[in-house]
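# Inside the fold
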Amino acid sequence: MRGRPRAFDRDQALRRAMETFWALGYEGASMAELTRAMGIGSPSLYAAFGSKEALFREATALYEREVGAELSQAIAEAPTAKEAVAAFLGLSAEALARPGRPPGCMIVLTAMSGHGACEATRAELKTRRAGSAAALEARLARAVARGELPEGLDLAAISRFYVTVQQGMSIQAVDGASFETLRDVADAAMAAWDRLTATPDADRAAVA
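None of the values given here were measured: they were computed from a predicted structure.

### Points about the UniProt feature "DNA-binding region" (unreviewed entry) in the protein chain
Following the UniProt record, the feature "DNA-binding region" (unreviewed entry) maps to residues 30-49 here. Helix makes up 80% of residues 30-49 and strand 0%, and the two end C-alpha atoms of the span are 15 Å apart.

### Regarding the nonpolar core
Counting residues in each nonpolar core, the largest one holds 55 residues, and the members touching the most others are F21, M38, L55, L89 and Y162. Leaving out residues up to four positions away in the same chain, F21 has contacts with Y26, A29, L34, K52, L55, F56, A59 and M106.

### Brief notes about the side chain of T35
Within the secondary structure, T35 sits in helix α2 (residues 31-38). Since its relative accessible area comes to 13%, T35 is described here as buried. Of the polar contacts made by the side chain of T35, one reaches the backbone oxygen of A32; its length is 3.2 Å. Setting aside chain neighbours within four positions, we find T35 in contact with I40, G41, S42 and L45.

### Here's the deal with the packing of aromatic side chains
Taken as a whole, this structure holds 6 aromatic pairs when the rule is applied. A centroid spacing of 4.9 Å and a plane angle of 70° characterise the contact between Y26 and F56, whose relative ring orientation is edge-to-face. In this pair, Y26 is assigned in helix α1 (residues 10-28) and F56 in helix α4 (residues 52-77), connecting sequence segments 30 residues apart. Connected via pairs of aromatic rings, a cluster forms that spans F21, Y26 and F56.

### Concerning the packing of helix α5 (residues 81-96) against helix α7 (residues 119-145)
Running from N to C, α5 and α7 cross one another at 160°; their axes reach a closest spacing of 9 Å. It follows that α5 is roughly antiparallel to α7 by the angle criterion. Once α5 is placed against α7, the crossing between them reads as right-handed. Here A81, A84, V85 and F88 of α5 lie close against α7, whose contacting residues are S132, L136, R139, L140 and A143. In terms of residue class, the contact of α5 with α7 is made up of 7 nonpolar, 1 polar and 1 charged.

### Comments concerning the pattern of salt bridges
The final tally for this structure, using the stated rule, is 6 salt bridges. Across the pair E58 and R10 runs a salt bridge whose closest N-O atoms are separated by 2.7 Å. With E58 in helix α4 and R10 in helix α1, this pair connects stretches of sequence that are 48 residues apart. R10 gets classed as partly exposed once you look at its relative accessible area, which sits at 31%. R128 serves as the salt-bridge partner of E64, at 3.8 Å between the closest nitrogen and oxygen. Of this pair, E64 sits in helix α4 while R128 sits in helix α7, and the two are 64 residues apart along the sequence. Look at the salt bridges and you will find they share partners, linking R15, E66 and R101 into a network.

Quick notes on the rules
- Residues numbered from 1 in each chain as written.
- Predicted model: local features only at pLDDT ≥ 70, side-chain atom pairs only at ≥ 80, totals over all residues.
- Heavy atoms only, no water.
- UniProt positions renumbered as here; feature names shortened; annotations may be inferred.
- Helix = DSSP H or I, 4+ residues; strand = E, 2+ residues; numbered from the N terminus.
- Core = buried A, V, L, I, M, F, W, Y, C linked by side-chain atoms within 4.5 Å.
- Buried < 20%, exposed > 50% of the residue type's maximum accessible area, 1.4 Å probe, protein only.
- Contact = heavy atoms within 4.5 Å.
- Polar contact = N/O pair within 3.5 Å; in protein donor to acceptor, adjacent residues only side chain to side chain.
- Phe/Tyr/Trp six-rings, centres within 6.5 Å; stacked < 30°, edge-to-face > 60°.
- Axes fitted to C-alpha atoms, helices over the stretch in contact; angles between N-to-C directions.
- Parallel < 35°, antiparallel > 145°, perpendicular 65-115°, else oblique.
- Left-handed = near helix turned anticlockwise from the far one by under 90°.
- Nonpolar A, V, L, I, M, F, W, Y, C, P; charged D, E, K, R; others polar.
- Salt bridge = Lys/Arg side-chain N within 4 Å of Asp/Glu carboxyl O.

Right, here's the structure in full:
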């Protein structure tokens, strides 16, 4: 007598889809790759998630909850703005080259591999990528309000600089960079902190 088929575990299937999109990108993750990784057939995938794009959006949301949340918490809870940025880069180095997981940042990598997605999905991904810069800028603004950093700084530019470094680290991780290599990049970027956050008048005087 045959046993009953094992119940479909939607959460587990979604996690496997996330890892497949993460490793292969949106276009690279074919339906054949996704169903094989998830252990289900195409009809079950469509019944549970609706479409490839809907599955992808759920997968990126799961990634944000599991990986992005750690970075957001570190930025918000660090005692100082400098420690917040250092934690953002340091934790990124760990996450981007973590053994047992695809290298790089899923949200960053989709900027290069998401061309097959619809406009709404691409816009959502762009918003997610902008989230780190917004969080850093908000943290720097808190530091200015508390007198920790001087007024007159271009907080948006500073935030974009560190996010650009982190995005570059993601590309290097895909190319095989180790945690130690990424940490060295993070340390080099932090060496620019004092110059970037110097009192604007003092900085202009130094140039003169």
